[in-house]
Amino acid sequence: MKWDVVVVGAGFAGIVAAERFSSRGKKVLLVEERPHVGGNSYDYYDSQGILVHLYGPHIFHTKDKGVWDYLSRFTSWRLYSHRVQAYIEGKKVPLPFNLNTLEALFPSSFAATLGNKLVSEFGYGARVPVLEMLENKDKDIRFLANYVYENVFLNYSIKQWGLKPEELDPAVTARVPVLVGRDDRYFQDPYQGIPASGYTRMFENMLKNPNISIMLNTDYKNMITTLDFERMVYTGPIDYFFDYKFGVLPYRSMRFDFETLGTDRFQDVAVVNYPNDYEFTRITEFKHLTGQKHEGTTILKEFPEDYEMHKNVPCYPVHTSKNLKTYAKYKKEAESLDNVIFLGRLAEYRYYNMDEVVEKAMFSCEID
Ligand SMILES: Cc1cc2nc3c(=O)[nH]c(=O)nc-3n(C[C@H](O)[C@H](O)[C@H](O)COP(=O)(O)OP(=O)(O)OC[C@H]3O[C@@H](n4cnc5c(N)ncnc54)[C@H](O)[C@@H]3O)c2cc1C
C-alpha cells in the first residue's frame, strides 16, 4: 500500500497533522512508539477511577480563536481558569505574585505602602518583570523585587533545571512578572479550558477519519524502510532522526509520583508550587482541573531529573548556547529534505504550549 503521508509521533503535533491531511482525502499512517496516542498531553482514568494527566498537568489556554474553534470541533470544554499557589515561609499564597500575595506575606501597613507605590509607579493592572523592578529607584520596590526573586523563582529554577545558583542567568529568571493587580488567574488568555471528556477522548475524535491508520508501540525506525510513502511529518526528536550525527540534544525530565488519597480534597487550587521546600517542584490535584466528582482524590508530585533515553520522557529542552548551536546544525540538515516536515517540541527542540503546536501544525499541513 502507498501512503500519502506517514506521521511519526501521536502527540498534539502528529494528531493535528494526521487530521488535517486525512480531511483532504490523504491516506495517513500514524506511527507512535508509546502504547497510547496523545503524547505528553495524554490523560486516563487511574486504578481508582480518577482522570489524571500521566505526564503532568496540562491546561489549555490560547489567544488564538482559530485554534480554539478548530479543537472545539472535536470536544466541548470545561471552562476552567487556572489558579496556582506557592508555598512560601509556611504559607500558601497566590501566584503570579500580585497584591493579594503581598498582603498574605507582609504586615498589613507595609503591604499597603508597597501596594500603593507599585500602583503609582507602574499603574494598576501592569505586569512588571522582576528584573525591571530590581532597577527601580525606590528602595521598597527593590526590596520587593529581591524578595520575589529569592523566594519565588530562584530555588524553583535551580530545582527545575538542576543548576547551581551561579549557573543560573538572572536575566532569564527575572523576566517573570509581578502583577500590580488582583487578577490571580495564572493565564490571562481569553480562551482557557480542559476538554470536557479529557484530552484522550478529544484525540480519539480527531483520529476518527477512516483515511487514518494507527500503529502503536512502534519506533518508526524499525519499519520505515518497508513503507512506500510520499511525505513524512516527523514529530520525534530531531537528533534521533539523524542518528545523533552532530551529538545528543539534552532535555530535562521529571519523575511523576502519583498518590490517591481517601479524602475529597487535598488542596485549595489545582497546583501548589514548592520553590524552597522539599525535592519536588509542585503538587497537582487533578479534580480541580477536571471537575470530576469522586470521594477520593489523586495528587501528583513532580521531581525534576535529567533525561535518559528509555528511562524517562524528554520534557524541557535545555537551551544553552552549545545545545542551540547543535540544534542549528540539525535544522539546516532538516531543511535540505523537502519531503519531511519537522514539527513539534521534539523535532524543533523548543518548548511549545499546546495551542502553539496546534497553530503551527495547522499552518504547516496546509499543503497538497
Ligand atoms: C510537565 C509538562 C506540563 C505541560 N503543561 C502544559 C500546559 O499546561 N499547557 C500547555 O499548553 N502546554 C503544556 N505543556 C506542553 C505540551 O506538553 C506540549 O505542547 C505538547 O506535548 C507538544 O506536542 P508534540 O506533539 O510536539 O510533542 P509530544 O506530545 O511529546 O508528542 C511526540 C510524540 O512522538 C512520539 N515519538 C517520539 N519518537 C518516536 C519514534 N522514534 N517513533 C514513534 N513515535 C515517536 C512520542 O512518544 C510522543 O508521543 C507541558 C509540558 C510538560 C512537559
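Keep in mind the model is a prediction, meaning the values are calculated, not measured. (Residues numbered from 1 in each chain as written. Predicted model: local features only at pLDDT ≥ 70, side-chain atom pairs only at ≥ 80, totals over all residues.)

(A) The domain arrangement of the chain, seen in detail. Partitioning the chain into structural domains gives domain 1 (2–37 + 207–250 + 318–364) and domain 2 (84–179). Distance between the C-alpha centres of domain 1 and domain 2: 39 Å. (Domains from an automatic or database assignment.)

(B) Layout of unusual backbone geometry. The residue after Leu95, namely Pro96, is reached through a cis peptide bond having omega 0°. Among the structural elements, Pro96 can be located in the loop between strand E8 (91–95) and helix H3 (99–105). Although it is not a glycine, Asn217 sits at a positive phi angle of roughly 55°. Among the structural elements, Asn217 can be located in the loop between strand E12 (212–215) and strand E13 (228–234). Backbone geometry at Asp243 places phi at a positive 50°, although glycine is not the residue there. Tracing the chain through its elements places Asp243 in the loop between helix H9 (238–241) and strand E14 (251–261). (Helix = DSSP H or I, 4+ residues; strand = E, 2+ residues; numbered from the N terminus.)

(C) Spatial organisation of the packing of helix H1 (residues 12–23) against helix H12 (residues 354–364). Axis separation between H1 and H12 bottoms out at 9 Å; the angle between their running directions is 35°. Relative to H12, the crossing made by H1 is right-handed. Seen from H1, the contacting residues are Phe12, Ala13, Val16, Ala17 and Arg20; seen from H12, they are Met354, Val357, Val358, Ala361 and Met362. (Axes fitted to C-alpha atoms, helices over the stretch in contact; angles between N-to-C directions. Left-handed = near helix turned anticlockwise from the far one by under 90°. Contact = placed C-beta atoms within 7 Å.)

(D) Representation of the environment of Ile224. Along the chain, Ile224 falls in the loop between E12 and E13. Ile224 sits 133 residues away from Lys91 along the chain, and the two C-alpha atoms are 54 Å apart.

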